[in-house]
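Take a look at the letters that make up each chain.
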Amino acid sequence: MLRLGCDYNYEQWSPEVWREDMALMQEAGVDLVAINVFGWSQIEPRAGEYDFAALDEILELLHAAGIKLNLGTGTASAPPWLTRRHPEVLPVAVDGTTRFPGGRQAWCPSSPVFREHALRLVEQVAQRYGQHPALDLWHVSNELGCHNALCYCEASADAFRVWLEKRYGTVEALNKAWGTAFWSQRYASFDEVQPPRAALSVRNPAQLVDFQRFSSDELLAHYRAEASVIRRHSDKKITTNFMVTAHIRNQNYWSWAADMDVIANDHYLDHRLADPVAELSFAADLTRGLAGGRPWILMETSTGAVNWQPYNLAKEPGQLVRNALTHVARGADAICFFQWRASAQGAEKFHSAIVPHTGVDTAVWREVLELSATLKKLSEVGGTTVEADTALIFSWESWWATDTEARPSQDLRYLDQVHAAYAALRQLGMTTDIVAPGTDLSRYRAVVVPCLHMVSDQEAATVADYVESGGRAVITFYSGIVDPDDRVRLGGYPGAFRELLGVVSEEFAPLLPGTSVPLADGGRATLWTERLRVTTAKTELAYADGHPAVTRNAFGAGEAWYVSTALDTPDLSDVLERAIGARGAQPRTAVAEPNARAAHTDARVAHTDARVAHADARVAHADARVAHAGGGVAHAGGGVAHADVGVPHADVGVPHAGGGVPHADVGVAHADAGIAYADAGFAHADARVAHADVEVVRRGSFVFVVNHGSKDIEHPITGRELVTGQSVTGSVTVPGGAVRVVREEA
């Protein structure tokens, strides 16, 4: 079964609207409602005084309508009376200033006072509703750490010291881990340690990483405390809504996942990104990874625009359904929207909802009904799992360590490099599992390791053992550089992966913004280069100066590739296809717009031939220059623009006496190669469009074909198409902007 759900903030509406909403929810097929998420000030208006009358009534209305409860504990935001009585619960920012009520999450995760009052409320809620017949799921707090993940108050400082002493045991071990010999930072006792508040200079990077670890653990401890109270009164599943998304990085969800009875995530399209749709797919795959490959819940998403980005874009017709089914394709068994009814007041009054301000005579409402009907048609998909034979290793700790204050280039950002690798795999039509460092990789035919800057010996050994046993790994730059103490691995980069890759990088050579360097095949490298030399590896692609850019190393029964620079998506896809496809394996299903695959292959050939011609022309050009230098004969004239650099040469067009090579012929050959190269590039790009616009994902025996483009496409498959209810033989047509789901038959 696939479920449709929503957040319902009943406290914003009158009882008359509640009854109208029950009928509309039934019409829309809503069967899971999150309630009491921000209910604290409603059900405990004054300290120790509880009023459950309204919540009792709304729960009974939902139950009578056959709708299940995703019941919040109500602790997401403290009520005004609590922060007025106990201002010490308020969070403190990195600059030491207090953050006050008026928004949400105005509480410190380490505050014992907040914890005491929150658990008292949870006790009341769990005791009252723990056996309610409509209860299906417990919803602890809400988006823990969205705004208050990092608190620098004195309560946090005390808790940080306790956490450090538990982690290191002795202050001597702490000093070693943090490298406090640098800048006279050595501690004599744990009492001297402070949170890494704003400083006059760059702060200790090891301390920053540990504070991130501590802060993630403190939020998890709060979840565990609430869950423990609930379990005394209820046997229903408990979870909280993760925020696996590009703009949230403070929670290491790999360490949280085991505590969740079911994994739930909130995800909204982020139009601040270059490719919001690709990020949606990445986040869904990462959420599935947190769920251990099992189905998960999309706890929040939007029907249209959000209200918290600089430019809050409405969704195009059909996009609501397409985005939702992309999550389903990648493992979601429930699609829940924030929120049911658009708020008339408050900070999120312009956030979209299932019922907009205009009401139900709207395109949004009709598209929600379409989604509901489609989910019912796909009910047999529920409970199945996504098939992927490629893995990408992702690490929140590497994110923290990479995006620190002092790094070789401020333009180097961890998530950018992860997204780049994912985009290249996605363009190849690959379905990818996102896994934690140290995960058993034996089931995968290929593993991609982007920018895994911080890695333990055991985590690095997992990758090496996998390759030695016959696997294929592609590792990108800035990986393996530091250990979990943020200590550089000496002996040359890429540190922990040096032997596996068969290379030694002597020096990083990042590039200035907007600049690039040429590659030997005519491509360009951006952002990052390295002074790299091979030991046991072979060069697969060099910079134009001859130094290795991409290498391949045989290691045991497998191969490990190293990419030492930032390539554009088509070129990185080419490298990944060579590295992964060298085994002769292809993605299980592939996009098949008519002639696209043939065009893609032809473009590859033309692209390669053009690059060869381009290189030959350069050689001829160089020879001509040598001849020119030794010719010693005055030119008769000229004035033809040089094809290579576009600079008029007075000597072009007339052979030198004894020079041997006519410049004009070289220029023509060079220009022809450039034209062929450009033509091949366009054909290459056109062939790639089919891949970029279409996602094909297998979930059990069901194949999802998601067409994000405007043109109809054909995908080769035979079976029963569930959205239209039609049988398909040979191929299924997927209209532009649509999704088709085929139960495949042999």
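No experiment lies behind these values; they were computed from the predicted model shown.

(A) Up close: the environment of Ser281. Note on placement: Ser281 falls in helix α10 (residues 276–290). Ser281 gets classed as buried once you look at its relative accessible area, which sits at 0%. It is 9.7 Å that separates the C-alpha atoms of Ser281 and Thr431, two residues lying 150 residues apart in sequence. Contacts of Ser281, omitting those with residues within four sequence positions, involve Thr326, Arg330, Tyr422, Arg426 and Glu695.

(B) Region of interest: unusual backbone geometry. Note the cis peptide between Phe338 and Gln339, where omega equals -5 degrees. Its place among the elements puts Gln339 in the loop between β9 (332–337) and α12 (363–377). Along the chain, Tyr493 connects to Pro494 via a cis peptide bond; the corresponding omega equals 0 degrees. With respect to the secondary-structure elements, Pro494 resides in the loop between β13 (472–476) and α16 (498–501). Residues other than glycine seldom take positive phi values, yet Trp183 does so here, at roughly 60 degrees. Mapped onto the elements of the fold, Trp183 is located in the loop between α7 (171–178) and α8 (205–231).

(C) Quick look at the sheet that holds strand β20 (residues 558–563). Strand order in the open sheet made by the 7 strands is β11-β10-β12-β13-β20-β19-β18, with mixed pairing throughout. Only two strands of the sheet have a single partner each, and these edge strands are β11 (432–435) and β18 (538–542). Direction aside, the axes of adjacent strands within the sheet are offset by 20 degrees on average. As paired strands, strand β10 (residues 390–393) and strand β12 (residues 446–449) are joined by 3 bridges and run parallel to one another. Its bridge partner being in β12, Ala391 is matched across the sheet by Val447. Against the sheet, helix α14 (residues 414–427) makes contact with β10, β11 and β12, and its axis sits at roughly 170 degrees relative to β10, the strand it touches most.

(D) Seen up close, the packing of aromatic side chains. In total, this model carries 32 aromatic pairs according to the counting rule given. Relative to Trp308, the ring of Tyr268 lies with its centre 6.0 Å away and its plane at 85 degrees, an arrangement referred to as edge-to-face. Here Tyr268, found in the loop between β7 (264–266) and α10, pairs with Trp308, found in the loop between β8 (296–300) and α11 (319–329); they are 40 residues apart in sequence, far enough to count as distant. A residue is classified by how much of its surface remains accessible, and Tyr268, at 8% relative accessible area, is buried. Since its relative accessible area comes to 31%, Trp308 is described here as partly exposed. Pairing Phe508 with Trp528 gives two aromatic rings, centres 4.9 Å apart and planes at 50 degrees, and the pair type is tilted. In this pair, Phe508 is assigned in strand β14 (residues 503–508) and Trp528 in the loop between β16 (524–526) and β17 (530–534), connecting sequence segments 20 residues apart.

(E) Structural detail: the layout of surface pockets. The calculated volume of the largest pocket comes to roughly 1,200 Å³. Around the largest pocket sit 44 residues that line it, and Phe38, Ser77, Gly103, Arg104 and Glu348 are the ones nearest its centre. When residues of the lining of the largest pocket are traced back to their parent elements, those giving at least two are α2 (40–43) and α4 (80–85). No other element matches α2, which puts 3 residues into the lining of the largest pocket. Here the residues of the lining of the largest pocket sort into 15 nonpolar, 21 polar and 8 charged. The volume enclosed by the second largest pocket comes to roughly 770 Å³. What lines the second largest pocket is a set of 35 residues, and nearest its centre among them are Leu415, Asp416, Gln417, His419 and Ala420. For the lining of the second largest pocket, the elements supplying multiple residues, two or more each, are α10, α14 and α17 (569–581). Broken down by element, the residue count for the lining of the second largest pocket peaks at 8 residues, all from α14. Residues of the lining of the second largest pocket, tallied by class, amount to 21 nonpolar, 8 polar and 6 charged.

(F) Expanded view of the pairing of β13. In terms of burial, β13 is a largely internal element, 5 of the 5 residues being buried. Going residue by residue along β13, you find Arg472, Val474 and Thr476 tucked away on one face and Ala473 and Ile475 tucked away on the opposite face as well. Here 4 bridges tie β12 to β13, and the two strands are oriented parallel to one another. Across the sheet, the residue bridging to Val448 is Val474, located in β13. Following the backbone out of β12, through helix α15 (residues 457–468) and into the adjacent parallel β13, one traces a crossover that is right-handed. Here β13 runs beside β20; their pairing, made up of 5 bridges, is parallel. Across the sheet, residue Arg472 finds its bridge partner in β20, namely Glu559.

(G) Up close: the pattern of salt bridges. As enumerated under the stated definition, the model contains 40 salt bridges in all. Notably, a salt bridge pairs Asp361 with Arg366, separated by 3.2 Å at the nearest N-O pair. With a shortest N-O distance of 2.3 Å, Arg698 and Glu744 are connected by a salt bridge. You can see Arg698 sitting in strand β21 (residues 694–699) and its partner Glu744 sitting in strand β27 (residues 739–744), a full 46 residues away along the chain. The structure contains a network of salt bridges with shared partners spanning Asp275, Asp285, Arg288, Arg330, Arg426, Asp433, Arg443 and Glu695.

(H) Main features of the sheet that holds strand β2 (residues 32–35). Spatially, β5-β4-β3-β2-β1-β9-β8-β7-β6 is the arrangement adopted by the 9 strands of the open sheet, whose pairing is parallel. Both outer strands of the open sheet, β5 (237–239) and β6 (241–242), are each paired with one neighbouring strand and no more. As judged from the 4 bridges shared by β2 and strand β3 (residues 68–72), these two strands associate in the parallel manner. Counterpart to Val33 in the pairing with β3 is Leu69.

(I) Just empty space enclosed by the protein, in detail. Within this structure, the stated rule accounts for 5 cavities of 30 Å³ or more. Along the walls of the largest cavity sit 14 residues, with Val244, Thr245, Phe282, Leu286 and Trp399 positioned nearest its centre. Elements that contribute at least two residues to the lining of the largest cavity include exactly α10, α13 (396–402) and α14. Top element by residues in the lining of the largest cavity is α10. It accounts for 3 residues.

(J) Inspection of the environment of Ser215 at higher detail. Residue placement: Ser215 occurs in helix α8. Using a relative accessible area of 3% as the deciding quantity, one classes Ser215 as buried. If we skip the residues at most four places from it in the chain, Ser215 touches Ala149 and Leu150.

(K) Representation of the side chain of Thr374. Mapping Thr374 onto the fold places it in helix α12. The exposure class of Thr374 is buried, given its relative accessible area of 5%.

Thresholds applied
Residues numbered from 1 in each chain as written. Predicted model: local features only at pLDDT ≥ 70, side-chain atom pairs only at ≥ 80, totals over all residues. Heavy atoms only, no water. Helix = DSSP H or I, 4+ residues; strand = E, 2+ residues; numbered from the N terminus. Buried < 20%, exposed > 50% of the residue type's maximum accessible area, 1.4 Å probe, protein only. Contact = heavy atoms within 4.5 Å. Pairing = 2+ DSSP bridges. Axes fitted to C-alpha atoms, helices over the stretch in contact; angles between N-to-C directions. Phe/Tyr/Trp six-rings, centres within 6.5 Å; stacked < 30°, edge-to-face > 60°. 1 Å grid on protein atoms, 1.4 Å probe; cavity = no way out; pocket = protein on both sides within 12 Å on 5 of 7 lines; lining within 4 Å. Points joined across faces, edges and corners; volume = space filled by probe spheres on them. Nonpolar A, V, L, I, M, F, W, Y, C, P; charged D, E, K, R; others polar. Right-handed = clockwise from strand over helix to strand, strands pointing away. Salt bridge = Lys/Arg side-chain N within 4 Å of Asp/Glu carboxyl O.

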